[in-house]
Amino acid sequence: MQRSGWSKLQVKNHDGIDGGLKMKKTISILIFLLISSPVFSQAVNSSIELVYSGMKFRVPGDHVVIGSMGGNDNFLVFRYSNEPGKKYIAFTNMTNNSNINYKCEMSVFFNDAFNENKKSKCNQDELKAFKKIFLVNKDFGEWNNEKYSFFYTIGKKDSFLFIVDTNGKVVKIDSDFIDKQGLKHIVREYLN
């Protein structure tokens, strides 16, 4: 049985941000940028304006650690607890993710998954795996504007927001403590 790309994607370790010289350098540079660059971030009402993958987000400002894995997915995580792997918000640019074979445009894949399109031409195995992981027994839906579709899924232990733009860019936000209103706050720049 072939393992779904979604299973591989979900296994990503959020608590591996404390080790290694390269990671310490990355974290130091990122903290320096957050503190010194008014273009990159600006503290407003205990939240931070974050520019990630060309988009503006609002995240809580009381983070303990910020880490970035770099690479193709440009993984960025804010941790709000001293306990590794607990109370985090993670950002991943999935646009160039080769772990998943959608067999259709990513925007079509997410639309078909969240809207139960029974006649989808997308990869049925990936759709089935995605639904099992992200939609079964969860509160899910979407918000839209002219340029973006925001597909959210809220579970008991985690929340996900998949942002798909009209040019095919996909950004995933996941957290173990943010609820639906918190996700809306993060992307409030784009919702009216």
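Refer to the structure above for everything that follows.
Report follows, based on the coordinates. (Residues numbered from 1 in each chain as written. Predicted model: local features only at pLDDT ≥ 70, side-chain atom pairs only at ≥ 80, totals over all residues. Heavy atoms only, no water.)

### Considering the overall build of the protein
As a reminder, the rule being used: Helical segments are the DSSP runs of H or I of at least four residues, strand segments are the runs of E of at least two, and each set is numbered from the N terminus. For every residue, the accessible area obtained with a 1.4 Å probe (protein chains only) is divided by the maximum for its type, and the residue is called buried under 20%, exposed over 50%, and partly exposed between those limits. Only heavy atoms matter for contacts: two residues are in contact if any of them lie within 4.5 Å across the pair. Every accessible area reported is derived by Shrake-Rupley at a probe size of 1.4 Å, with residue values counting cover from the shown protein chains alone.
Per the secondary structure count, the protein includes 5 helices and 10 strands. Going through the 192 residues of the protein one by one, you find that 46% of them count as buried. Across the protein, every contact between residues at least 6 apart in sequence was considered, and the portion connecting residues at least 24 apart equals 43%. Looking at the protein as shown, the accessible area adds up to about 10600 Å², and 49% of this sits on carbon and sulfur atoms.

### Focus on the state of the cysteines
Put simply, the rule is: Disulfides are defined as cysteine sulfur pairs within 2.5 Å.
Tallied over the full model, the rule gives 1 disulfide. In this model cysteine 104 forms its disulfide with cysteine 122; the gap between the sulfur atoms is 1.9 Å. Since a negative S-S torsion denotes a left-handed disulfide, the cysteine 104-cysteine 122 link at about 105° is right-handed. Taken together, the positions of cysteine 104 in the loop between β6 (88–93) and α3 (106–114) and cysteine 122 in the loop between α3 and α4 (124–134) put the pair 18 residues apart, joining distant regions of the chain.

### Describing the side chain of lysine 169
Quick reminder of the rule: The sign given to each residue is positive for Lys and Arg and negative for Asp and Glu; His and the chain ends receive no count. Any Lys or Arg side-chain nitrogen located within 4 Å of an Asp or Glu carboxyl oxygen qualifies as a salt bridge. For this analysis, a polar contact is any N or O atom pair within 3.5 Å, provided that within protein one partner can donate a hydrogen and the other can accept it, and provided that sequence-adjacent residues contribute only side-chain to side-chain pairs.
Mapped onto the fold, lysine 169 is located in the loop between β9 (159–165) and β10 (170–175). Put simply, lysine 169 is tucked away with no salt bridge, and the nearest opposite charge, on aspartate 165, sits 4.3 Å away. Of the polar contacts made by the side chain of lysine 169, one reaches the backbone oxygen of serine 53; its length is 2.5 Å. Leaving out residues up to four positions away in the same chain, lysine 169 has contacts with Ser53, Gly54, Met55, Asn93, Thr95, Ile163 and Val164.

### Things to note about the side chain of serine 68
Tracing the chain through its elements places serine 68 in strand β4 (residues 65–70). Residue serine 68 is classed as buried on the basis of its relative accessible area, which comes to 12%. Polar contacts involving the side chain of serine 68 include one to the main-chain carbonyl oxygen of phenylalanine 75, which spans 3.4 Å.

### Some thoughts on the environment of serine 107
If you trace the backbone, serine 107 turns up in helix α3. Spatially, the C-alpha atoms of serine 107 and lysine 169 are 8.7 Å apart, while their sequence positions differ by 62 residues.

### Details of the nonpolar core
Applied cut-off: The set of buried Ala, Val, Leu, Ile, Met, Phe, Trp, Tyr and Cys residues whose side-chain atoms join them within 4.5 Å is what this entry labels a nonpolar core.
Grouped together as the largest cluster of nonpolar side chains are 27 residues, with contacts concentrated most on Phe57, Phe91, Ile163, Ile173 and Val187. When residues of this core are traced back to their parent elements, those giving at least two are β2 (47–52), β3 (55–60), β5 (75–79), β6, β8 (148–154), β9, β10 and α5 (180–186). Setting aside anything within four residues of it in sequence, one finds phenylalanine 57 in contact with Ile48, Glu49, Leu50, Tyr52, Phe91, Ile163, Val171, Ile173, Ile186 and Val187. Ranked by size, the runner-up nonpolar core spans 19 residues in total, among them Cys122, Leu127, Phe134 and Val170.

### A few points about the pairing of β5
Note the threshold: Pairing between two strands is assigned when DSSP locates at least 2 bridges connecting them.
Of all 5 residues that make up β5, 5 are buried, and the element is covered over most of its length. Residues Phe75, Val77 and Arg79 of β5 are buried on one face, and the alternating residues Leu76 and Phe78, pointing to the opposite face, are buried as well. By the bridge criterion, 5 bridges tie β4 to β5 in an arrangement that is antiparallel. Bridging across to β5, glycine 67 finds its partner in valine 77.

### Looking at α4
What counts is decided by this rule: Each C-beta atom gives one direction from the helix axis, and the arc is the one those directions make.
Within the sequence span of α4, burial applies to Glu126, Leu127, Ala129, Phe130, Ile133 and Phe134. Each buried residue of α4 lies within a common arc of 165° when the element is viewed along its axis, so the set occupies one face. Opposite the packed face of α4, turned more than 90 degrees from it, sit the exposed residues Asp125, Lys128 and Lys132.

### Some remarks on the sheet that holds β4
As a reminder, the rule being used: What counts as an axis is a line fitted to C-alpha atoms, over the stretch in contact for a helix, and the angles between N-to-C directions run from 0 to 180 degrees.
With antiparallel pairing, the 7 strands of this open sheet are ordered in space as β4-β5-β6-β10-β9-β8-β7. The open sheet is flanked by β4 and β7 (139–144), the only strands paired with a single partner. Here the average twist between neighbouring strands, direction ignored, is 15°.

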